[in-house]
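Each chain, letter by letter, is given below.
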Amino acid sequence: MEVLWAREDAGQGAATARDVSRALASERDLAHTTVMTVLDRLAKKGFLARERDGRAWRYRPVASREGYVAELMLGALNETGDRDAALAHFVRSVTQDEAAVIRQALADLLAGKEPPA
């Protein structure tokens, strides 16, 4: 996901599995087929969009990093038996600056404002 987000940030657009393999080569020793499998699974789960480019697929993230992380947080929240308690515990664990961001987001939500892109 990080490779694909970085490509989008750099204006490079969608990437093939080969592009992702090359980008990861300096960090990790992964087989190309492993990268293909992970990209395929991420696409099937809805995290990536893909389009044919000859015999290859080109992949791009469906959501921003922030949107993806928010979905992970919601998924974790759904795993608890008591969402209210989990939310309260989370809010008590954030910094004052983060609490200010939460307050502003809630104020914007209540005022009907769209979240920033």
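Up top is the structure.
Remember, predicted model here, so these are calculated numbers, not experimental data.

## A closer look at the packing of aromatic side chains
Okay, so step 1: Applying the stated criterion to the full structure yields two aromatic pairs.
Okay, so step 2: Look at F47 and Y68: their rings are 5.2 Å apart centre to centre, the planes differ by 80°, and that puts the pair in the edge-to-face class. Remark: Y68 occurs in helix α4 (residues 65–78) and F47 occurs in the loop between α3 (32–44) and β1 (48–53); sequence separation between them is 21 residues.
Okay, so step 3: Looking at F47, the relative accessible area reads 26%, which means it is partly exposed.
Okay, so step 4: A cation sits over an aromatic face here: R50 above W57, 4.2 Å from the ring centre.

## Considerations on the pairing of strand β2 (residues 56–61)
Okay, so step 1: Across six bridges, the pairing between β1 and β2 is antiparallel. Bridging across to β2, A49 finds its partner in R60.
Okay, so step 2: Counted between consecutive antiparallel strands, the loop separating β1 from β2 contains two residues, among which G54 sits at a positive phi close to 70°.

About the criteria used
Residues numbered from 1 in each chain as written. Predicted model: local features only at pLDDT ≥ 70, side-chain atom pairs only at ≥ 80, totals over all residues. Heavy atoms only, no water. Phe/Tyr/Trp six-rings, centres within 6.5 Å; stacked < 30°, edge-to-face > 60°. Helix = DSSP H or I, 4+ residues; strand = E, 2+ residues; numbered from the N terminus. Buried < 20%, exposed > 50% of the residue type's maximum accessible area, 1.4 Å probe, protein only. Lys NZ or Arg CZ within 6 Å of the ring centre and 35° of its normal. Pairing = 2+ DSSP bridges.

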